[in-house]
Structures are given as structure tokens and as C-alpha cells.
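So you can see what is in the structure, the chains are spelled out below.
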Amino acid sequence: MLIKPKIRGFICTAAHPQGCFKAVEEQVNYIKSQKPFIGPKNVLVIGASTGYGLASRIAATFGGGANTIGVFFEKPAAGKRTASAGWYNTAAFETLAQQAGYYAKSINGDAFSDDIKQQTIELIRQDLKQIDLVVYSLASPRRTDPKTGETYTSVLKTVDQTYVNKTVDPLTGDVKEVTIEPGDQADIDNTVAVMGGADWQLWIDALQQAGVLAEGATTVAYSYIGPELTYPVYKNGTIGKAKDHLYETAKNLAQQLQPLKGRALVSINKAVVTQSSAAIPVVPLYISILFKIMKTQGSHEGCIEQMYRMFHDNIYTDKPKNIDPDGHIRVDNYEMQADIQQKVIDVWQQVNANNIDALADLSGYRQDFYRLFGFDFPNINYDSDVDPNVAIPSIKE
Ligand code: NAD
């Protein structure tokens, strides 16, 4: 069938298998062009099919030679519907990993459930015996607590005051004002229940109790801080409260892993275009301004460059380069440089619907967005028929 982008709000409901293959292949080639690192042997990536989790899986495999198990929640193609991008990405990743001689298997299902945790433990026991690194990279709007059956929905709200700022619809270029009302305690609690550390804790509990964490095992989860101008909606908003909970969880896990001489880390990553960040108001305008400035300065990075630096310069080295006073890895260091942030503020004050194309990298944002779904790659003929049914080698449908 012919596969074209189908935009609904801030997501695209179609994905192109050949484009997704290309996107994964480019990331693999980037890692192959970098110096390898002596990394973990056996890696579990939770949230492995898109964004930072996929980049972590690629970097661990092609940079550190790791065997990987990836867990995610994606859809295969059905009838006239294409598979989701993460499905095609994983099909591509497994194919490339196996061609290069690396073990790679995947589990598709709700990572928040006890069942998927158990399936993962069984697969580890059967194939890898023990895991040296657990990457926790889930981003989800919803979570059902496996113990109580209660479903929580996260919200992107401020915490104490109404916040009014500019935002852009990156696909139309329409700049307008957005008003975000403060959430109440229930909004905060729900967001913490979804995007805080509770499920990370449950994963590590389950893996440790099952005896499948190796001596010296490391776990890492991801966070974002960003500039002061997005503090009300991000760092100090409901999502920021969830991230505070994640930092506390990292401290608990570090204690809990002491008998194994293990580590629990948080890496604070740069703002990039992913399916999750596209959903946050104000952030797409910030990202398009930031990208223009960082590309001009030569310090722009995507997920894969970030994950390479996280492993090579910070986790698998005796001399970590980017650790802040809280012990967090800061691969957002270029984004947060004072000169870059000052330039963002200068542009932010002037930007409007008439000058946005000159002041911000909207076309770069759009390209990244379409490429998340396998569109807008050169050398792919989007007017030619393509079979949407692509198998992930390790998954039986
Ligand atoms: P993403 O949307 O690209 O990826 C989310 C992953 O989670 C996918 O693999 C998806 O399949 C999986 N997933 C979602 N719900 C699931 C479920 N119920 N069961 C199993 N898998 C499920 O997200 P991302 O932007 O890469 O975010 C990952 C982490 O990185 C988050 O903690 C996020 O806060 C952090 N981060 C993101 C940015 C950014 O700009 N995007 C910046 C810094 C940090």
C-alpha cells in the first residue's frame, strides 16, 4: 500500500517501514563511527522502541557490543493500519543487530504490568542469565498499578499558578498564546504515579528478587530539566514533581543495590523531538529556537549522540565528565550553557507568527517529527507501494 503521514494533533498515526529502517540504520552508523567503549554485556531496555530508549539500545549494542532485551508497547500492522513507528524501528534494530552477530530479543506489552515483568525475567533466565544494565526509558500518559488495578493519567500542568506563554504548532507554524491552569493535588499524585519512580522501583525489585541482576549491575533512568522559561510547565510543574520522585527513587535504588555493588543513576538529557516531547505545550517553540542556535554553534545533538556520550563519557569510564553536584549525569550540558540560554531568551522575546521562520528552526523540528515516523527521508520513494506487514524477528504474532 501507499503510506503517507496521517497527522492527528501532535502525533502521526501512520509509519513507514523503510523510513523507520533508515532512521535506525543512521543511528547505528553514527555509533559505528565513534570509538567503542567497554560497556555492559547484557542489557535490558524498558521503553526500547523509540526516542532515548531506542538510542540507548543501539549505543549499547553497536558501541559496547551488548546483548539486549527490549521491552515496549507497540502495534503491528492490521488491515489498512500501518504498524507503529516503534514496531518498525525494532524490526530494523533486531535485523541489523542479528546481521552484526549480536543477540537482540524483544517483548511487546504493558511494562507496568506484573505479567510483562515476569515474561522478561523468564527470558533473561533462559537466554542471558543475568543483566548488567537496566535502562528505564518509559514515557506514557497512563499507568495501571499492577497491585491495586487503579489507572492513573498524567497531566502537564503547573503546580501553583496559571502560566501564560507563547507556543507554536510546529506543523503549521502558528504561534499563539497558551494558558496552562494549575493542577490540584490529585493531578500531581496521578502524574507522579505514572512518570515518577514507582514502576522503576517495581522493575528493580522484581529483577533483584529473581536473582537476575549481575554483580555490579547499573540502572539508569532519564529526566529533563530545561530552561527557566519552561520551569512552570516542566521542572516545577506536575511532570517535574514526577521527576523529583524519580530522583528519590534513584537514591533508594542505589542503597538497595549496594549488596550487589550496583549503581542507580539518573541522566538528564537534552530536549529533542520525540513523540513524548511533541505533546508538551511551549516546549516545541523552545526546541525550534534552541535547535537553530545549537546548529549555528555546532553543538546540536539528537538522541543517539546524547546516549553515546552518556555511556562513553559518563557511565563506562573511570573519569565521568558530566556529573552535577546531585550526582546526576548532565548530557544536557551543551543545551544549558549560559550563552546558548541567553540567546534563546533574546529570541523568545521577539518571536511571533511573522518572524518565526527566520528566528527558529521550524523546518528542522518538522523534519525530526516526520522522521520519527519514517517520513521525509531522501532516497525513499513515498509514492511506491510498500508492504506494511513487517515482522519483528523475535516476536511471534
Ligand atoms: P518516547 O515516547 O520516544 O519513548 C517511550 C517508550 O516507552 C517507547 O519505547 C514506548 O513503546 C514505551 N512505552 C510507553 N508506554 C509503555 C508501556 N505501558 N509499556 C511498555 N512500553 C511503553 O519517549 P522519550 O522522549 O524517549 O522519553 C523517554 C525518557 O526520556 C522519559 O523519561 C523522558 O522524560 C526522558 N527525556 C526526554 C526528553 C525529550 O526531549 N524527549 C529529554 C530528556 C529526557
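Notes on the structure follow. (Residues numbered from 1 in each chain as written. Predicted model: local features only at pLDDT ≥ 70, side-chain atom pairs only at ≥ 80, totals over all residues. Heavy atoms only, no water.)

**Focus on the packing of aromatic side chains**
Part 1 of the argument: Inspection of the entire model under this criterion finds 12 aromatic pairs.
Part 2 of the argument: Ring plane angle 35° and centroid distance 6.0 Å describe the contact between Phe311 and Tyr316, whose orientation is recorded as tilted.
Part 3 of the argument: A relative accessible area of 0% means that Phe311 is categorised as buried.
Part 4 of the argument: Its relative accessible area of 19% is what places Tyr316 among the buried residues.
Part 5 of the argument: What links up through ring pairs into an aromatic cluster is the set Phe37, Tyr308, Phe311 and Tyr316.
Part 6 of the argument: The ring of Tyr231 carries the charged tip of Lys235 above its face, separated from the ring centre by 4.9 Å.
Part 7 of the argument: Positioned above the aromatic ring of Tyr316 is the side chain of Arg263, whose terminal nitrogen or guanidinium carbon lies 5.8 Å from the ring centre. (Phe/Tyr/Trp six-rings, centres within 6.5 Å; stacked < 30°, edge-to-face > 60°. Buried < 20%, exposed > 50% of the residue type's maximum accessible area, 1.4 Å probe, protein only. Lys NZ or Arg CZ within 6 Å of the ring centre and 35° of its normal.)

**Brief notes about the site of the ligand**
Part 1 of the argument: If you check the shell around the ligand, you find 29 residues, and the closest are Ser49, Tyr52, Ala111, Thr274 and Ser276.
Part 2 of the argument: In this structure, Gly47 approaches the ligand through a main-chain N or O atom, which is 3.4 Å from an oxygen atom.
Part 3 of the argument: The contact in question runs from an oxygen atom of the ligand to an N or O atom on the backbone of Val272, over 2.9 Å.
Part 4 of the argument: Isolated, the ligand exposes 840 Å² of accessible area, and the fraction of that covered by the protein chains is 92%.
Part 5 of the argument: Within the residue set of the shell around the ligand, elements represented by two or more residues are helix H2 (51–64) and strand S11 (213–223).
Part 6 of the argument: A per-class count over the shell around the ligand returns 13 nonpolar, 12 polar and 4 charged. (Near = heavy atom within 4 Å. Polar contact = N/O pair within 3.5 Å; in protein donor to acceptor, adjacent residues only side chain to side chain. Areas by Shrake-Rupley, 256 points an atom, 1.4 Å probe, with all protein chains shown as cover. Helix = DSSP H or I, 4+ residues; strand = E, 2+ residues; numbered from the N terminus. Nonpolar A, V, L, I, M, F, W, Y, C, P; charged D, E, K, R; others polar.)

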